[in-house]
Every structure is written in C-alpha cells, then in structure tokens.
Amino acid sequence: MRRRRPDPVAIALGAFVLLFAVFILAPIVIVVVASFSAENFIAFPITRTSFRWYWRIVEYRPFLDSLITSVELAFASAAIGAAIAVPAALALGRARGPVVTPVTTFLLAPISIPAVVLGFALLYFLSALAFGVSFRSLLVAHSVVAIPYVFRTVLSVYRALPASLEESAAILGAGRWQVLWFVTLPLVRPGLFAGCLFAVLISLDNLPLSFFFGTAQTNTLPVVVLSYMQNQFDPSIAAISTVQMAIAVAVLLVTERMYGLRRLNAL
Amino acid sequence: MSARRPHRAAPLLWLAPALAFLALFFVAPLGGNLLRSLTEGQAQDDAAFYYAKLLTDEYYLSVMWETIRVSLITTLICLAVGYPVALFLVRHAGRWHGVLLFLLVAPLLTSIIMRTFGWRVLLARRGLLSNTLLDLGLIARPLDLLNDPVSVFVGLVHVLVPFMVLSIAAVLQGIDRRLEESARVLGASRLRAFLSVTLPLSVEGMATGAILVFMLTNGSFVTMLLLGGGKVVTMPLLIYQQFTMTQDLAFASAMGNVLLLAALACLALQVGMLRRRGMA
Amino acid sequence: MRAGSEMTGPVALTLAGISKRFGATLALRPLELEVPAGRILALLGPSGCGKTTTLRVIAGFEVPDSGAVLLGGRDVTELPPNRRGLGMVFQNYSLFPHMSVAENVAFGLRMRRLPRAERDARVQEMLEVVRLPGYGDRYAHQLSGGQQQRVALARALITRPAVLLLDEPLGALDKALREGMQFELRELQRRFGITTILVTHDQEEALTMSDSIAVMSAGEVVQTGTPREVYERPRTRFVAEFLGTANVFAATVTGAAPGGWAVRLDGADAAAALATPEPPQPGRRILFAVRPERLRIQPAGAGIPATVRDAVFRGSYLVHELAVPGLAAPVFVYGQAGAADAPPGAAVGLAWRAEDAVPLADPP
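Small disclaimer: the values here were computed from a predicted structure and weren't measured.

(A) Representation of the overall build of chain C within the structure. Helix and strand content of chain C: eight helices and 20 strands. When each of the 364 residues of chain C is scored for burial, the buried share is 41%.

Here is the structure:
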C-alpha cells in the first residue's frame, strides 16, 4: 500500500496512546524500580540499589508463608473451578431453548457480585457449616469465583467448534467418552487454559474475598501486604509486589507457550 | 441447511455439579446474608430496621450517593480515555497491535496493591509528580494529590480503563471501515463521518464497557482505602470498616445487600444487552 | 411416495414411514425410500426440503418420530450413530484439526481397536487410493479444499462401511475443481462398490454423479428414477422445473393419438400430441411439459404459429424466446448455435415430437 501524507488523526491518536501507555506503566515501573532501593524509606528516584528488600520477603515469615498460600490457593481453586465448569460448559454448549440464557447468566454471576459482599456472606455461611476459618474455606470461596472464568472461555471455544467434528467422530465409531477424550477435550483445551489463567491471576490478587478468612496460619498475600502497608511503608512492599508480578508473568508465559493463547479472541 | 438439534456429546445432566456447587456456596450464603440483615441484631424486633437506617440516615444516604457518583465519574472518564485508545487499537495500530493489547492486559498481572502503592509514590507530597512539576517550574509549592479525592479516580481509572478499551475495541472491530468511507464519498467531513457513522454503531461497545466499569467500581474498596486520604467513602469501604471495627454483622449484611442489589441491576442490564444482540 | 422405476437388485437401505417434526415444523412427512445396493443415490431438492434431515436420520443424529431405518434388512432405528457402521463426509469435511492426516484417516480403525501395525498399513494403502501418498504427516490446514475432501473420503471409506453418506460434498469447491471431483467420486464409488447416498441441491451434480435420483420437496420424495427418467419424464411441475428449464403448457384432452393423447392448448388455438401409456380422458384438463432443447423452430406455416421475441447467445447454445398468441408465458427454445437462427420479430412455427411432451400430475 502506498504511503501517503501522514494521517494527522492517526498521529494525534498515537500521541494520546503514548501518553496512555506511560499512564498505565508508570506506577508499575516505579514499584519495580523502588524495590531495588537501598534506603529505608520509599524514595523515587532511587539513589543506591540493593537486594535487601527481597531478602526481607524470606526473613519476614508472613510474606513467604502467605505467598506460598496464595499460589497454592490460586492453582487449587482454578483446578476445582475447572473440574466443575468444564462439564457445565460442554453440556450447555450444544443446548438450545429457553434454559440456556438463565443458566449461563447464573453460572457467570459470581464475577458480577462485589467480592466484599460474597466474602462476607461466605464467611458466616461456612462457619455455620463448621468449615472454619481456614484454607478449606478460602478454597471454596476462590473456587466459586474461578468457575465463571473457566466456564466463560470454555463455552466460547466450544461453541465456535463445528458440531460436525464430534459427529464425524461418532459416525467413525467413537462412543460418547471417546468423542470427549479424542476430539472435544483436546480442541477445547485453549479455552480451558485461558480460563484457568484468568482464574489464577484473579485469585492471586483477590483481596476482598480473602480478607474475611484471614488467620495467623492461613492468610493470602494481598491481605498480609495490606496490613503491613498500613503499619510500615517501606520498599519490601515493592519487592514482594514485584515477586508476585514475576510469578504471574511466569504463569502467563508458560500457558501461552503451551497452548497458544494468542489465537483466542475470547479474552 | 442443518437440523435443529446437533448431536450432543455432553448431556444436560453435567450441569448438575456446577448448579449444585453454586447453589450451596453462592446462593445460600447470599440468602443467609439477606436473612441475617432481617432477623439479627436490632432487626430481631424490627425486620426492616437496618434498611430503614440506611435509607433515612443522612450519612448512609450520602455514602450510597457517593458510591454511585464515584462509579459514574469513573465510568465517564474511562469512556473519554478509553474510546480514543480503542479507536487507535482497531484502526491505526498496525504492527503495534500486539504490544498495545499486551499493555492493556499486563496490569492484570500486577496486584491492586502494587498499583495503588505505585500511585502513592507518584502522587505523594514529595512524590515523583510533585517534584517533577516543581522542577519544571509549573507549580510553586509541593502538590499533595494523595489526600485529594483525585488520586482515587486516578487509581480507579488506571485499573478499569483496560476493560473499557477492550469492550469498545471488540465492537469497533466489527464495524466496517467502508461505512465511514461511504459517508466521506457522499461529502461528509472526516469528523462528521465519524460522528454520524462509527460512533453510533459503537454505542453498544460503550454501553457494555460502561456497565462493566460501573459494576466494578461499585465493588472496589482497596483503592479508596489506600488513596485519597480516606476522603472518598463508598459502600464497600463502609462494609469493610463495619466488619473490622464495629462487628455489627447484621448491619454489614444489610449494606452488602444494598450493594448486591446494585450489582444485580447491572447484571440485568448486561443480560438485556446480550439478548438484544441476539447472543443470549 | 414411491414413483418411477428403480433399479432392480438388492436393497442396501430402506426408510419406511420416517417422519420427523421440529417443534411446529414437519420436516419429514412419512417418507419411503429404498436405496439400491452398490449404487449412488442422490437426494435432490431445494433447501428446506428435508434432504439433510433424511441423511441425518440415516446416520443416527436425528431420531425419527415414527418409522424405521433398515440397514441390510436390520432395524437400526434405535442404534446410536457410532454403532451403525456407516461412513460420512460432511460439507466442510470436518477433518480433526488437531490430528495429522494419517491420524484422521486411522481414527475409525482406532475406534475398532485395530492393532497399530495393521492400522498404519491400511492408512498408507488408503492414502495411495485417494492419490495423497506421503501426506500422512500433514495437517488439515496445510491442504487445499480438494485434498481435504480426499482425506475425508479416505477416513470414511477405510472402515469399509455398509453405506457412504455424502452431505453436499462439492459445495465448497469452485467450478473447475468440482467437475474433477465429480468424476473422482464416481471412480472411488465404483472401485469399492459401496452404496452411496449423496445430498445435493445442485441438479447438475445429481445428474452427473448418481445412478438414481430421489427428488424431494417439503419433506417427501416426489419422484425417484434414473437421472434420465427423472429428467425426461418428470412427474410433476416441480420436478420438471427443478431439474432444468421446462416449458409448461395447459391443455385439454381431445382424443387419442398414436402412442398417447391429442390435446388442444388452452388459450392458443393449436393442437398437439403427447406420448403416454394411459388411456385418454377427453375433456380432461391437464398440464404438460416440454424441454426447451426438444422444441423445434420451423418456418412459419408448419407447427404452432409463434413470433420470436428475443434470441440470446449462450456460448454453446442459442436461446430463442417465442411468444405464442393466446399464451401468457413465453416459450423457450434451446438450439444449436450456428443453426439458422430466427431474428427477433420473425414469424415461425413451433413443433415437437409427441414423445417429448410429458403430462404432469399437477392439477392445471
């Protein structure tokens, strides 16, 4: 395509987007940089660099423990969410009729409800059921939120698959479970992993939901960091946040690598 | 031409675990919440006590209004900021498309605490922004944005504008550029063509994004907690405070229900929009 | 409704009284169909006529409300699709995108638990048959439309099904490719001698590829017969007009004529003759059809008087549009290009042989 006179609108928009990019990245970059500060206080720009605040993560037990708890919780709840959501998405994917919309709305509802309300309600409900304030309760709460994320992406990918693929398998002799194993599940996998990725990322950062279930033994990272922040405002917050981000990026890269998420428009 | 009902690999029965799980761990707790607000604490004698309090007491009414106000303002800012970005993403990005998309999704990889923390550093009295503006001679005294409600909006928009951009971009993607070109061939100026053709067609994306942002703002409290010096008090923050400080559970439940009602209203709007689009 | 002659011989598949309703719509009225063994039967009809539904009932994807599907005499109506031993090629080929060509073709054998070595051998064999040797490691998206179709055929045929079902197999191909594939498909069918049912809305495809055609409309079979029979002796106006162009005339029977009836055209003052084995019923009003290529333009004075309205050159043939006084609709005549063509405005005579005029079952 011939290049004609530069388009003023495109340039103006481009400049705006550039500012926007700075806006989006600024706080993130600042935190990462501030985490390497050698000072005792938050200062930006930093004068001397050091890793000491990263060591703090290991020294200050609550940080490390809650980080591990958060990661375990994120993956476990995503797994449970997936185990529940995938069959539901497959069942609904080829269904017609008036039942489809209400059920879909219902299964997607947990992400529309403010987490504060849900966390609060679940706390009292689960303690009434004698689940206690523990990892188990956290797991239930995070699974409830994980289900819609996995359901949504799996449903979307499944609906985009031509029904004739499963029909072909059937007529070639595959029974119901064989169709699922050889055709449906492999093809739905990108949706599954995209949904799980979302669920993991959301869970890692879900403060309002986890907030109500905190004890000395089980606490998630965001809750610990929040209370730390309200007492001490030092670069260790920056360090632990950077580590959390690094974990999230790692999860994203691994999932992208394995399952080619870029192909998914369902995001 | 194909038959109406495709051969089904998964029976409807497979919906059961999901429905049961959510009925037990989603609907029941919320129901319990409702019950609690109507039967415990001071509602034991008067079921509507807490709701009456919320709806008549000036303070609580102002908090509810503030919640809506903050959500509305955030939504409008996100619309204003998000639309040009979405337009650029869809029409002009070219090979920067992937980068921009990553930029929009990247904040999801960071925790809300990290982001608000970053804003605190930026907007503090001796923070980066203030110092830079002082150095440039644009202001005379240090600027303390941190204790100003503005910082709350900055924090909220920072978190939520990607959702708006993606909602609008999704719809813009489907609008044929040639429609605008046809308008221009017919004599419209570029701006006129955009305003008469593209903008109206993208209203759906704007509405979807707006409902989403409104809903998410309604439920936020971490931003209000850490920025703005506590000057912006919305419903979720109040619930959080109610829980940590007063332990009046029934009242907190009632507040939660009011918030829930707002969320359900937004959800209903969303479903209504999907149905109009024929996708439900 | 069974009409017309079928091929004699063993019957591979029978549909007896199949009806199917979707909500308020009756997709298939009670349908009767016999599919001769070892032949290609085309289910031909416009969209909405029920041909795809019929195919899906045969495959087992739709359960009929009433009636039975008999495969080689065995009632399979209650059997799920994976137990019927059929082969099917879908309109978009439906190759499994996550499996290689070899894995696709081997799928049916894998479901039958054939040991790996034997599977691989037969896959290689099959790929050679469809002229895609060495393509085993490729994936569907790397193949052209024609190649994908051959893989789909290989996949369906490798299990040696009793009946092969084809759902608009050539719809997605462009014209040039289509003609090539038509012959290839027939070749394959001959080679394996497999009973084949082909669904199409393209009359040319049906005429080219099939041994017998079942014309469908609004959920029932209107006529079955060989391509020639259905084309030259259509039973109804619908069949006549679906399988090509037809000139339809209204007339009244006046008496007998050698081999058939003498009729008088309604509206025009002209006499003609039809060939039919049935005894004439004088006074009865009927419709009959004559194919444009069977009409002859003669010099004025011989045959039914007519005027040429237009002459259109269509490459391999010439189309004359004639106006016959008293008839509302124009009459179309196809003739050889290069033959003496009559210019617009010329007065001519219209004639045909009695055996080319076919009475139709429709009420006039």
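Next, the rest of the story.
(B) Region of interest: the domain arrangement of chain C. Residue and element names in this part refer to chain C. The domains assigned to chain C are domain 1 (11-242) and domain 2 (247-360). If you look at the interface, domain 1 gives six residues, while domain 2 gives five residues. Its residues placed into classes, the side of domain 1 that touches domain 2 shows two nonpolar, one polar and three charged.

(C) Broad picture of the sheet that holds strand 20 (residues 357-360) of chain C. Residues and elements named next belong to chain C. On the basis of which strands lie adjacent, the open sheet formed by five strands has the order 13-12-11-14-20 and antiparallel pairing. Of all strands in the sheet, those with a lone pairing partner are strand 13 (271-275) and strand 20, marking the two edges. Going across the sheet, the axis of each strand differs from the next one's by a mean of 50°, ignoring polarity. Alignment of strand 11 (residues 247-257) against strand 14 (residues 285-290), held across six bridges, turns out to be antiparallel. Across the sheet, A250 pairs through a bridge with L287, a residue of strand 14.

(D) View of the sheet that holds strand 3 (residues 40-44) of chain C. All names here are of chain C. Spatial strand order, 6-7-8-3-9-10: six strands in an open sheet with mixed pairing. Both edges of this open sheet fall to strand 6 (86-89) and strand 10 (220-225), since each of them pairs with a single strand only. The average angle at which neighbouring strand axes cross in this sheet is 20°, direction not considered. One ladder, built from four bridges, connects strand 6 with strand 7 (residues 163-167); its direction is parallel. Considered in strand 7, the bridge of L86 is made with V163. Strands strand 6 and strand 7 of the sheet are contacted by helix 4 (residues 145-157), whose axis makes an angle of about 170° with strand 6.

(E) Spatial organisation of the packing of helix 5 (residues 115-128) of chain A against helix 1 (residues 16-39) of chain B. Between helix 5 of chain A and helix 1 of chain B, the shortest axis-to-axis distance is 8 Å and the interhelical angle comes to 95°. In terms of their interaxial angle, helix 5 of chain A and helix 1 of chain B are classed as roughly perpendicular. Seen from helix 5 of chain A, the contacting residues are A121, L122, Y124 and F125 of chain A; seen from helix 1 of chain B, they are F25, A28, P29, L30, G32, N33 and R36 of chain B. A per-class count over the contact of helix 5 of chain A with helix 1 of chain B returns eight nonpolar, two polar and one charged.

(F) Local environment of the interface of chain B and chain A. In this assembly, 65 residues from chain B lie in contact with 73 residues from chain A. Elements represented by at least two residues in the side of chain B that touches chain A include exactly helix 1, helix 3 (58-92), helix 4 (97-105), helix 5 (112-123), helix 10 (203-218), helix 12 (235-246) and helix 13 (249-277) of chain B. When the residues that make up the side of chain B that touches chain A are grouped by side-chain class, the tally is 49 nonpolar, eleven polar and five charged.

(G) View of the interface of chain C and chain A. Taken together, the 16 residues of chain C in the interface contact 15 residues of chain A. Mapped onto the side of chain C that touches chain A, the elements with two or more residues apiece are strand 6 and helix 2 (101-111) of chain C. If one sorts the elements of the side of chain C that touches chain A by residue count, helix 2 of chain C sits on top with three residues. Across the side of chain C that touches chain A, the residue classes break down as nine nonpolar, six polar and one charged.

(H) Representation of the environment of D167 of chain C in the model. All names here are of chain C. You can see D167 is positioned in strand 7. You can call D167 buried: it has 23 C-beta atoms within 10 Å. For D167 and M88, which are 79 residues apart along the polypeptide, the C-alpha to C-alpha distance reads 7.7 Å. Those residues in contact with D167 that lie beyond four places of it in its chain are T52, L55, V89, F90, Q91 and V199.

(I) Molecular detail of the confidence of the model for chain B. Residue and element names in this part refer to chain B. Chain-level statistics for chain B give a pLDDT mean of 85 and a share of 96% at 70 or above. Of all the helices and strands in chain B, helix 6 (residues 128-135) carries the lowest mean pLDDT, 79, while helix 3 carries the highest, 92. Of the regions scoring below 50 in pLDDT, residues 1-6 engages in 13 contacts with residues more than four places distant in sequence or in other chains.

(J) Here's a closer look at helix 3 (residues 116-129) of chain C. Residues and elements named next belong to chain C. The terminal C-alpha atoms of helix 3, which comprises 14 residues, lie 20 Å apart, in line with the 20 Å expected from a rise of 1.5 Å per residue. All of the buried residues in helix 3 are R119, V123, M126 and L127. With its buried residues spanning 100° around the axis, helix 3 presents them on a single face. The exposed residues of helix 3 that point more than 90 degrees off its buried face are A117, E118, A121 and E128. Count one or two residues on from helix 3 and you reach R131, which has phi positive near 60°.

(K) Layout of the packing of helix 3 (residues 61-93) of chain A against helix 8 (residues 176-204) of chain A. Residues and elements named next belong to chain A. Where helix 3 contacts helix 8, the two axes come as close as 9 Å, and the packing angle between them is 140°. Considering their axes alone, helix 3 and helix 8 lie oblique with respect to each other. The way helix 3 lies across helix 8 gives a crossing that is right-handed. Taken together, the residues of helix 8 that come into contact with helix 3 (itself represented by S70, L73, A74, F75, S77, A78, G81, A82, V86 and L90) are T184, L192, C196, A199, V200, S203 and L204.

Parameters at a glance
Residues numbered from 1 in each chain as written. Chains lettered and ligands numbered in written order. Predicted model: local features only at pLDDT ≥ 70, side-chain atom pairs only at ≥ 80, totals over all residues. Helix = DSSP H or I, 4+ residues; strand = E, 2+ residues; numbered from the N terminus. Buried ≥ 20, exposed ≤ 12 C-beta atoms within 10 Å, placed from the backbone. Domains from an automatic or database assignment. Contact = placed C-beta atoms within 7 Å. Nonpolar A, V, L, I, M, F, W, Y, C, P; charged D, E, K, R; others polar. Pairing = 2+ DSSP bridges. Axes fitted to C-alpha atoms, helices over the stretch in contact; angles between N-to-C directions. Parallel < 35°, antiparallel > 145°, perpendicular 65-115°, else oblique. pLDDT = per-residue confidence, 0-100. Expected span 1.5 Å × (residues − 1). Arc of directions from axis to C-beta. Left-handed = near helix turned anticlockwise from the far one by under 90°.

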